[in-house]
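Descriptive analysis of the structure
Take a look at the letters that make up each chain.
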Amino acid sequence: MSKMEGDVSGFNIDAPRWDQRTFLGRVKHFFNITDPRTVLVPEQELDWAKVMVEKSRTGVVPPGTQVEQLLYAKKLYDSAFHPDTGEKMNVIGRMSFQVPGGMIITGFMLQFYRTMPAVIFWQWVNQSFNALVNYTNRNAASPTSLRQMALSYISATTTAVATAVSMNMLTKKAPPLVGRWVPFAAVAAANCVNIPMMRQQELIEGICVKDRNDNEIGQSRRAAAIGITQVVISRITMAAPGMILLPVLMERLEKLCFMKGPHQSLLAARFRHHAWFLGLVCRKQGEPPSPRSEPGLSCLRVSRWLIAGRAGMGFTLSLIFMVPVACGLFPQKCELPVSYLEPELQDTIRAKYRELVPYVYFNKGL
């Protein structure tokens, strides 16, 4: 009998499959639950997964259930249901939607950065998406009012747009490559505002901290600040490779049109040949249907739409790896020494538990 077909009577469905104390273990965990394919899973199957997880927790599972089925149910449950409330999260706000959502938005942000209306519009779209993701993946133990949500949304969007517009004006005479990095600077600045603003209730009233056995101990503002800081770092790391490296490739492709036939080097000729073959560039009307340009022929015209498409594909590949890597930088269930907490909370813990609780734990969110 294989491991996946073994007895499930003693199976602990809440025990992590990989060691969450190590970076590699956390990356494997988030590779599993941020799988973009889970976005396409029907609602009925998600509801089945929740039922299976809840039955497994009580030790009552249908006869013939295999470990593989429980692991699959837990994967769907972790990807679609909030860890604090157990409620189903909206599809767009799930971390598993980061890849398709980020692919579309970032592809357009990297391509349409030259005009002010385009910068403003796509920054607004991006921050609307980020605000929804931040709200969905917050620590739900601290409620957020509609007024706070509206204030957070307006503040984050205004900051991102103001940063992008200012940098766009300052880099008008700079090389085009510098201008292409404006979206990343705006995204990084907006994350530093968007996430704390969307979760400001945690900073004001504190975040729920628990002991090792998940018993609530109290509320800590310091724990909230640590958790939110880690989330900000993770989000910026998530976007960095795609938004920093892809502009270099896009700038290189757009310069292909300046490679003249009789003067181009052998390396440039080969680069043009492969770019033509991959569809990154297209021929001008009347040009022979050959990827090898002969002396005297006009240069290839770069197709902006094709480049934008390839940029989106490149950013998609980046996100597929960077979403779990960035989420795995810090444990989702943070461990914090009691000595780091507020003095009054330390006194409460010592009075109630003496020295039996050296650490507290809390969900930092994603």
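Description of the structure in this document.

Thresholds applied
- Counting restarts for each chain: residues are numbered from 1 in the order of the written sequence.
- With pLDDT at 70 or above as the cut-off, local features in this predicted model cover only qualifying residues; side-chain atom pairs require 80 or more to be listed or tallied, and sums for whole chains, interfaces and linings still use all residues.
- To obtain the side-chain values, all non-hydrogen atoms of the structure were included, while hydrogens and water were left out.
- Axes here refer to lines fitted to C-alpha atoms; in helices the fit is confined to the stretch in contact. Angles between the N-to-C directions go from 0 to 180 degrees.
- In this description a helix means any DSSP run of H or I spanning at least four residues, a strand means any run of E spanning at least two, and both kinds are numbered starting from the N terminus.
- When an angle is under 35 degrees it counts as roughly parallel; over 145 it counts as roughly antiparallel; between 65 and 115 it counts as roughly perpendicular; any other value is oblique.
- The contact rule is simple, with two residues in contact once any of their heavy atoms fall within 4.5 Å.
- When residue character is reported, Ala, Val, Leu, Ile, Met, Phe, Trp, Tyr, Cys and Pro are called nonpolar, Asp, Glu, Lys and Arg charged, and the others, Gly included, polar.
- Here's how the labels work: a residue is buried when its accessible area is under 20% of the maximum for its type, exposed when over 50%, partly exposed in between, all with a 1.4 Å probe on protein chains only.
- When DSSP finds two or more bridges between two strands, those strands count as paired.
- Note on patches: the residues involved have over 30% relative accessible area and no salt bridge, like charges join within 9 Å, and the nonpolar side chains Val, Leu, Ile, Met, Phe, Trp and Tyr join within 5 Å.
- Using the Shrake-Rupley algorithm and a 1.4 Å probe, accessible areas are obtained, with residue cover drawn only from the displayed protein chains.
- Criterion for a salt bridge: a side-chain nitrogen of Lys or Arg within 4 Å of a carboxyl oxygen of Asp or Glu.
- By definition, any crossing whose near helix is turned counterclockwise from its far helix by less than a right angle is left-handed, and any crossing with a clockwise turn is right-handed.
- Only centres within 6.5 Å qualify two rings of Phe, Tyr or Trp (six-membered ring in Trp) as a pair; their planes then separate them into stacked at under 30 degrees, edge-to-face at over 60, and tilted for everything else.
- Lysine and arginine charges are scored as sitting over a ring when NZ or CZ, respectively, is within 6 Å of the ring centre and within 35 degrees of the ring normal.
- Grid spacing is 1 Å over the protein atoms alone, the probe is 1.4 Å, and a cavity is where that probe fits but cannot get out, while a pocket is an open set with protein on both sides within 12 Å along at least five of seven lines and lining residues have an atom within 4 Å of a point.
- Grid points are joined across faces, edges and corners, and a volume is the space filled by probe spheres set on the points.
- An expected span of 1.5 Å times one less than the residue number is assigned to each helix.
- Taking the helix axis as origin, the arc is that swept by the directions to the C-beta atoms.

The next point concerns the packing of helix 1 (residues 23-33) against helix 3 (residues 67-80). Between helix 1 and helix 3, the least distance of the axes is 8 Å, while the angle of their chain directions is 85°. With respect to each other, helix 1 and helix 3 are oriented roughly perpendicular. The residues of helix 3 that touch helix 1, namely those facing H29, N32 and I33, are K75, D78 and S79. Of the residues that constitute the contact of helix 1 with helix 3, the class distribution is one nonpolar, three polar and two charged.

The side chains of a regular strand alternate between the sheet's two faces. Every second residue of strand 5 (residues 333-337) is oriented toward a common face, the buried set being C334 and L336 and the non-buried set K333, E335 and P337. Here strand 5 pairs with strand 6 (residues 359-363) via five bridges, running antiparallel. Considered in strand 6, the bridge of P337 is made with Y359.

A word on a nonpolar patch on the surface. The grouping of F31, L317, I320 and F321 at the surface amounts to a nonpolar patch, some 380 Å² of accessible area in total. With three residues, the top contributor of residues to the nonpolar patch is helix 12 (residues 304-327). Among the secondary structure elements, F31 is positioned in helix 1.

Put simply, helix 2 (residues 43-58) and helix 3 touch, their axes get as near as 8 Å, and they point 115° apart. When the interaxial angle is binned, helix 2 and helix 3 end up roughly perpendicular. As for the relative orientation of helix 2 and helix 3, their crossing is left-handed in sense. Only Q69, L70, Y72, A73, K74, L76, Y77 and A80 of helix 3 make contact with helix 2, whose side of the interface consists of E45, L46, W48, A49, K50, M52, V53, S56 and R57.

This part covers the environment of V357. With respect to the helices and strands, V357 occurs in the loop between helix 13 (343-353) and strand 6. Along the chain, V357 and I217 lie 140 residues apart, while their C-alpha atoms are 10.0 Å from each other. In this structure, V357 is in contact with D211, I217, V338 and I349, ignoring residues within four places of it in sequence.

The subject of this paragraph is the pattern of salt bridges. Under the criterion given, the structure shown has nine salt bridges. Residues K88 and D47 are paired through a salt bridge, measuring 3.0 Å at the closest nitrogen-oxygen approach. Of the two residues, K88 is situated in the loop between helix 3 and helix 4 (98-111) and D47 in helix 2; the sequence distance between them amounts to 41 residues. For K88, a relative accessible area of 32% translates into the label partly exposed. Since its relative accessible area comes to 38%, D47 is described here as partly exposed. The shortest N-O distance in the salt bridge between K333 and D214 comes to 3.5 Å. On the criterion of sequence distance, the pair formed by K333 in strand 5 and D214 in the loop between strand 1 (207-210) and strand 2 (216-220) is long-range, its members being 119 residues apart. In this structure K333 comes out as partly exposed when scored by relative accessible area, which is 46%. Each of D35, R37 and K75 takes part in salt bridges that share partners, so that together they form one network.

This part takes up the packing of aromatic side chains. Inspection of the entire model under this criterion finds six aromatic pairs. Plain terms: the ring middles of Y77 and F81 are 5.1 Å apart, the flat faces sit at 15° to each other, and that makes the pair stacked. Accessibility classification places Y77 together with F81 in one group, the buried group. Between F121 and W122 the ring centres are 5.0 Å apart and the planes differ by 80°, which places this aromatic pair in the edge-to-face class. Judged by relative accessible area, which is 17%, W122 ranks as buried. Three or more aromatic residues joined by ring pairs make a cluster, and in this case those are F121, W122 and W124. Above the face of the Y361 ring, K333 is positioned so that its terminal group lies 5.6 Å from the ring centre.

What follows concerns empty space enclosed by the protein. Taken as a whole, this structure holds three cavities of 30 Å³ or more when the rule is applied. Volume-wise, the largest cavity comes out at about 200 Å³. If you go around the largest cavity, you meet 15 residues; those closest to its centre are Q98, N126, N130, V187 and A239. Looking at the lining of the largest cavity residue by residue, the class counts come to eight nonpolar, six polar and one charged.

The subject of this paragraph is helix 2. In this model, helix 2 (16 residues) spans 23 Å end to end at C-alpha, consistent with the 22 Å of a helix rising 1.5 Å per residue. Among all positions in helix 2, only L46, A49, M52, V53 and S56 are buried. The buried residues of helix 2 all sit within an arc of 120° when viewed along its axis, so they share a single face. Counted as exposed and oriented over 90 degrees from the buried face of helix 2: Q44 and T58. On its buried side, helix 2 packs onto helix 3. Following helix 2 by one or two positions, G59 adopts a phi angle in the positive range, close to 80°.

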